[in-house]
Amino acid sequence: MDSTVFEVLMIFFLILLIAAFALLKRGSTRKEERKAREERKKRMDEKEKRLSALSEDEKRATYAVAMKERTAFLKRIESEYTIFFHPFSDFEYKASDPYSNQLITRSIGYYTLPKGTRKIAAFFFEGDLEYDKLNSITLNINGMVNRRFEGFSEYMEARTFDVKEGDLITIEIEFDENKDFSLKNFGILVLEDRK
């Protein structure tokens, strides 16, 4: 066999081998993504069952306790920091398929931290949060996942995060495709050192 023909065949087989590996990797990634989605959906269903088991009085009491803790948190930090609320874009979603069991992930915007910022606190909002329709909220700093929050107690507990001026903050939300959902006046507190 001519050496040129042999080289062409070897290159062809090498290309086929690379393509086969790429397809295997792609299939493996899709399988992992599907498994992660199914696990998140299962956790969401379990959360909904726990919420539906609570009476309205129990829900109100839990919410009142969480709000008291948030107020206490604000009182603790206001002597150290100048506090600004930064809301992200309002978000509204209208479900078009009531039988879907898919989860949707959306970004609700980004914010570059101003000069003098050393910390942020998450999450803060005005009005009621439709926490029973949320599967998760993810806080990203400079494009990297910093923390993923799941469930009412996670959304309501005020936490501070070390940051620096110029950091890019983004928030992603995950919710069910089969339910209407809206998020308004939702954001972070920007904490600047008092002069």
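Please read all numbers here as calculations on a predicted model, not as lab measurements. (Residues numbered from 1 in each chain as written. Predicted model: local features only at pLDDT ≥ 70, side-chain atom pairs only at ≥ 80, totals over all residues. Heavy atoms only, no water.)

A. Representation of unusual backbone geometry. Residue Phe123 is bonded to the preceding Ala122 through a cis peptide linkage, with omega at -10 degrees. Of note, Phe123 is situated in strand β4 (residues 117-125). In this model, Asn142 sits at a positive phi of 55 degrees, which is unusual for a non-glycine residue. Tracing the chain through its elements places Asn142 in the loop between β5 (134-141) and β6 (144-149). (Helix = DSSP H or I, 4+ residues; strand = E, 2+ residues; numbered from the N terminus.)

B. Highlighting the side chain of Ser136. With respect to the helices, strands and loops of the structure, Ser136 is situated in strand β5. At 3.3 Å, the side chain of Ser136 and the side chain of Arg148 are in polar contact. Among all residues touching Ser136, those that are not within four sequence positions of it are Arg148, Phe149, Glu150, Tyr155, Glu172, Ile173 and Glu174. (Polar contact = N/O pair within 3.5 Å; in protein donor to acceptor, adjacent residues only side chain to side chain. Contact = heavy atoms within 4.5 Å.)

C. Looking closely at the confidence of the model for the chain. Summarising the model, the chain shows a mean pLDDT of 84, and 94% of its residues fall at 70 or more. Model confidence for the chain, summarised as mean pLDDT per element, is weakest for helix α1 (residues 3-53) at 76 and strongest for strand β7 (residues 159-162) at 93. (pLDDT = per-residue confidence, 0-100.)

D. Looking closely at the pairing of β6. In this sheet, β6 lies alongside β5 in antiparallel orientation, the contact comprising five bridges. If you follow Thr138 over to β6, its bridge partner there is Arg148. Linkage of β5 to β6, two consecutive antiparallel strands, is achieved through a turn of two residues, within which Asn142 is found at a positive phi near 55 degrees. (Pairing = 2+ DSSP bridges.)

E. Up close: the sheet that holds β7. Read from one edge to the other, the open sheet built from four strands follows the order β1-β10-β4-β7, with strand pairing classed as antiparallel. Only two strands of the sheet have a single neighbouring strand rather than two, namely β1 (81-87) and β7. Strand-to-strand, the axes of this sheet are offset by a mean angle of 30 degrees, without reference to chain direction. Bridge count for β4 against strand β10 (residues 186-193) is seven bridges, and the pairing is antiparallel. Residue Lys119 lies in a different strand from β10, and its bridge partner there is Leu191. (Axes fitted to C-alpha atoms, helices over the stretch in contact; angles between N-to-C directions.)

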